[in-house]
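The residues making up each chain are set out below.
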Amino acid sequence: MLSQYKPGMDGEEFRLRAKEVVDYMVNYQNTMKDRDVGPSLNILKTKVADLKKFIPPSPPMEGGESFKNIMSDVDSLIVPRLLVWDHPQFFAYFATGNSYPTILADMLSDIYNNIGFSWSSGPAVTELEMIMMDWWAQATNLPTHFLFQTHGGKGGGVIQCSSSDAAFMSIVSARERALEFLQKTYSGEYIEKYQLIKKLVGYTNRESHSCVQKGANLALVRLRVLTPNDNNQITGEILERAIAQDVRRGLVPFFVSAIIGTTGTTAYDNIWEIGAVCKRNPLIWLHVDCAYAGGSFVCEEFQYLYGPLDYADSMNMNANKWMLICYDCTGHWVRDRYTYTQGLVITPVYLSNEIPGIIDYRHWQIQLSRRFRSLKLWLMFRITGVKMLREYIRNHVRLAKYFEELILRDKRFEITSEVHLALVCTRLVGDDILTQHLVAFINALGKLHVTPAKDQGQYIMRLCVNYEFATKEHIEFGWKHIQECATEVINLQKQFPDLLPSRRMSYTVPVNQSRLQALNQLTRDMADPIPVDDETWNVE
């Protein structure tokens, strides 16, 4: 019987529709500044997930719907429910990389359709990634022990989906190395390595991203979340004190996740001191998370932030944050690729690889299949270049300093932490509730979008310069709007508190005092709302 299959779109129609979509994409980019940063904020205000009202609950049995109708639904149903992350007045979270060269690279990756789980399944997928990880490391001046090309070296890098993958993989590798050591220590008796896991303990800053804690949970290892100093740093003294306590308890320290550029305030751990402590405890694997700040390392003047990465066993940074590369593209480098993969290698005969000097990336990640993401780096470096990347980042940092200057002129506000890169942290002087209402008011109006954080127990507003083509005019517009909102909030707070916007838009959630204390000891990210005292959360 002959197949009745017919493709939904042939090559000629794809050529036509692709041109239409590219035109749509460019028009979207060119006109985003003319719309509110979040036309979908009316939806967020009510927290009603209403898209299912407009899309059938079951898929169509017959295809053939016109592309024009589909794009009309995209415009009317999808776009209003998106935040415009590339908008000039989007000061929330961190930058999300995007550029035309990397979008084109993703298109090429999709049409090549190579599933690069091994060298033989698509040689260029593996080889180009190895080369690009060395290019990237050199562009950011990483230690040579992280490069494949270093003569006699054992290091190298891989593109992961996210920093969460990098953290988890580093924890698993550190765990396997520590368990191998412990098994040798107890060589006189038969002990399953999984019986020894309960002895292991790792450490991280309370200001670290929650992915570290999640990774430890998945790896079934204990993680101590350390309280940082007043600068939100973990120092050598803080780490050494914790290690000594755990050794006295019979535990085995095996992993430290340090951070350069915390999620809340872009603070950074004292890598100099932490590295020295880890060097004195050779079983400890030191991982350094530079997810956002790592992009700045293309500029020599910001490389002081990472200190002696010579101590690090692994590190990661996200090109899809501050290097103009669209999601996903997280660089993850390791000092010793053989140690890194020892607990992960499961090699069926049909997947074996005997090509000298070539690795199989399936042993560097959780999943087997992988996309051709290195094309994005290749096109970005060749079209944009390192010099333009430097200018892009330096412009953001200059504008953040300018933002800080404007804020300091208004005595109603205070700067809560040092401005290291492109993030400014501020708050209204007074009780936290004022800043919470301010964030809610700004987000409810939809002209700007901002996100909060907790810093040393205080609720703060984060203002991150994100727009690729940001100028002083964008900062001035944003600051004037914030000042106007502050005036309204202060007046309403005094006279008509019931007219203030929903506190939901301040990204807070009320909890009782005991739960609040427990939650404040956990690592954080900006996806979950900030817990606040339920006695102060009195406006719906």
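Numbering of residues begins from 1 in every chain and follows the order in which that chain's sequence is written. Thresholds applied to this predicted model are a pLDDT of at least 70 for local features of residues and 80 or more for the giving and counting of side-chain atom pairs; totals over whole chains, interfaces and linings are not thresholded and use all residues. With hydrogens and water stripped out, all remaining heavy atoms of the structure feed into the side-chain values.

In the annotation of an unreviewed UniProt entry, the entry for the chain reads Aromatic-L-amino-acid decarboxylase, and the organism field reads Laodelphax striatellus. UniProt positions are given in the numbering used here, feature names are shortened, and annotations may be inferred rather than shown by experiment. Recorded in UniProt under Cofactor (unreviewed entry), the annotation for the chain is "pyridoxal 5'-phosphate". Per UniProt, the chain carries the Sequence similarities (unreviewed entry) text "Belongs to the group II decarboxylase family."

Undergrad: I'd like to hear about unusual backbone geometry, residue by residue, with values.
TA: Cis geometry is adopted by the peptide bond preceding Asp 328, which originates at Tyr 327 and carries an omega value of 10 degrees. Structurally, the position occupied by Asp 328 is in the loop between helix 11 (319–322) and strand 7 (330–334). Look at Tyr 93: it is not a glycine, yet its phi comes out positive at around 50 degrees. The rule is simple: take the accessible area with a 1.4 Å probe, protein chains only, and divide by the maximum for that residue type; under 20% is buried, over 50% is exposed, in between is partly exposed. For Tyr 93, a relative accessible area of 16% corresponds to the buried category. Of note, Leu 220 is a non-glycine position whose phi angle comes to about 60 degrees, a positive value. Every helix listed is a DSSP run of H or I at least four residues long, and every strand listed is a run of E at least two residues long, numbered separately from the N terminus. For Leu 220, the position within the fold is in the loop between helix 8 (210–218) and strand 3 (222–226).

Undergrad: How would you sum up the pairing of strand 2 (residues 200–205)? Please name residues and give values.
TA: The element strand 2 is largely enclosed, with a buried count of six among its six residues. Here strand 2 runs beside strand 4 (residues 252–259); their pairing, made up of five bridges, is parallel. From the neighbouring strand, Gly 202 faces strand 4, where its bridge partner is Phe 255. Here strand 2 runs beside strand 3; their pairing, made up of five bridges, is parallel. By the convention used here, strands pair only if DSSP detects at least 2 bridges between them.

Undergrad: Quick one: what's the story with helix 4 (residues 100–112), residue by residue and with numbers?
TA: Expected helix span is computed as 1.5 Å times (number of residues minus one). End to end, helix 4 covers 19 Å across 13 residues, agreeing with the expected 18 Å (1.5 Å per residue, within 8%). Any two residues having at least one pair of non-hydrogen atoms within 4.5 Å are treated as being in contact. Next to the buried residues of helix 4 lie helix 1 (11–31) and helix 13 (374–383). Positive phi appears at Asn 113, one or two residues downstream of helix 4, with a value of about 55 degrees.

Undergrad: Account for the packing of aromatic side chains, naming residues and giving values.
TA: How two aromatic rings sit relative to each other is given by the distance of their centres and the angle of their planes. Stacked, edge-to-face and tilted labels apply to pairs of Phe, Tyr and Trp rings (six-membered ring for Trp) whose centres lie within 6.5 Å, assigned for plane angles under 30 degrees, over 60, and everything in between, in that order. Using the criterion set out here, one finds 15 aromatic pairs in the structure. Ring geometry for Phe 94 versus Tyr 292: centroids 4.1 Å apart, planes at 20 degrees, classification stacked. Separated by 198 residues along the polypeptide, Phe 94 in the loop between helix 3 (67–78) and helix 4 and Tyr 292 in the loop between strand 5 (285–289) and strand 6 (314–318) bring together distant segments of the chain. Owing to a relative accessible area of 1%, Tyr 292 belongs among the buried residues under this scheme. Residues Phe 254 and Phe 255 carry aromatic rings whose centres are separated by 6.0 Å and whose planes lie at 35 degrees to one another, so their mutual orientation is tilted. Considered together, Phe 254 and Phe 255 belong to a single accessibility category, that of buried residues. A cation over a ring is seen here: Arg 462 above Phe 94, with NZ or CZ 4.8 Å from the ring centre. When the NZ atom of lysine or the CZ atom of arginine is within 6 Å of a ring's centre and also within 35 degrees of its normal, the charge is said to sit over that ring. The ring of Tyr 402 has Lys 472 sitting right over it, with the charged end atom 4.6 Å from the ring centre.

Undergrad: Which residues make up the side chain of Gln 160, and what are the values?
TA: By secondary structure assignment, the location of Gln 160 is in strand 1 (residues 156–160). Counting of polar contacts relies on pairs of N or O atoms within 3.5 Å, with two restrictions inside protein: one atom must be capable of donating a hydrogen and the other of accepting it, and residues adjacent in sequence are counted only when both atoms are side-chain atoms. Within the local environment of Gln 160, its side chain forms a polar contact with the side chain of His 332, the two groups lying 3.3 Å apart. Setting aside residues up to four positions removed in sequence, Gln 160 forms contacts with Asp 165, Ala 166, Met 169, Cys 329, Thr 330, His 332, Tyr 340, Trp 364, Gln 365 and Arg 373.

Undergrad: Before we move on, could you go through the sheet that holds strand 2 and cite the residues and values that matter?
TA: Reading across from one edge, 1-7-6-5-4-2-3 is the order of the seven strands in this open sheet, with mixed pairing throughout. Looking at strand neighbours, the two that pair on one side only are strand 1 and strand 3, the edges of this open sheet. Here the average twist between neighbouring strands, direction ignored, is 20 degrees. Working convention: axes come from line fits to C-alpha atoms, limited for helices to the stretch in contact. Angles between N-to-C directions cover 0 to 180 degrees.

Undergrad: Outline the pattern of salt bridges, listing residues and values.
TA: Two side chains bearing opposite charge may form a pair once their charged atoms approach each other closely. Counted as salt bridges are all cases of a side-chain nitrogen of Lys or Arg within 4 Å of a carboxyl oxygen of Asp or Glu. Under the criterion given, the structure shown has 27 salt bridges. The residue Lys 154 makes a salt bridge to Asp 336 at a minimum N-O spacing of 3.2 Å. You can see Lys 154 sitting in the loop between helix 5 (123–139) and strand 1 and its partner Asp 336 sitting in the loop between strand 7 and helix 12 (337–341), a full 182 residues away along the chain. You can call Lys 154 partly exposed: its relative accessible area is 41%. Asp 336 gets classed as buried once you look at its relative accessible area, which sits at 16%.

Undergrad: Explain the nonpolar core residue by residue, including any values.
TA: Within this scheme, the nonpolar core is defined by two criteria: the residues are buried Ala, Val, Leu, Ile, Met, Phe, Trp, Tyr or Cys, and they are joined through side-chain atoms within 4.5 Å. Ranked by size, the top nonpolar core spans 137 residues in total, and within it Trp 136, Leu 239 and Ile 260 carry the most contacts. Residue contributions to this core peak at 10 residues, all from helix 14 (residues 385–408). Counting contributing residues per domain, this core is built from domain 1 (10–38 + 83–97 + 386–501 + 512–533) and domain 2 (153–340), each supplying no fewer than three. In this view, Leu 239 contacts Tyr 203, Leu 226, Ile 234, Val 256, Ile 274, Val 277 and Cys 278; residues no more than four positions away in its chain are not counted. Where each domain starts and ends follows an automatic or database-derived domain assignment.

Undergrad: A description of helix 1 should follow, citing residues and the corresponding values.
TA: Its 21 residues give helix 1 an end-to-end C-alpha distance of 30 Å, which sits within 8% of 30 Å, the value for a rise of 1.5 Å per residue. Where helix 1 begins, the side chain of Asp 10 points an oxygen toward the backbone nitrogen of Glu 12, at a separation of 3.3 Å.

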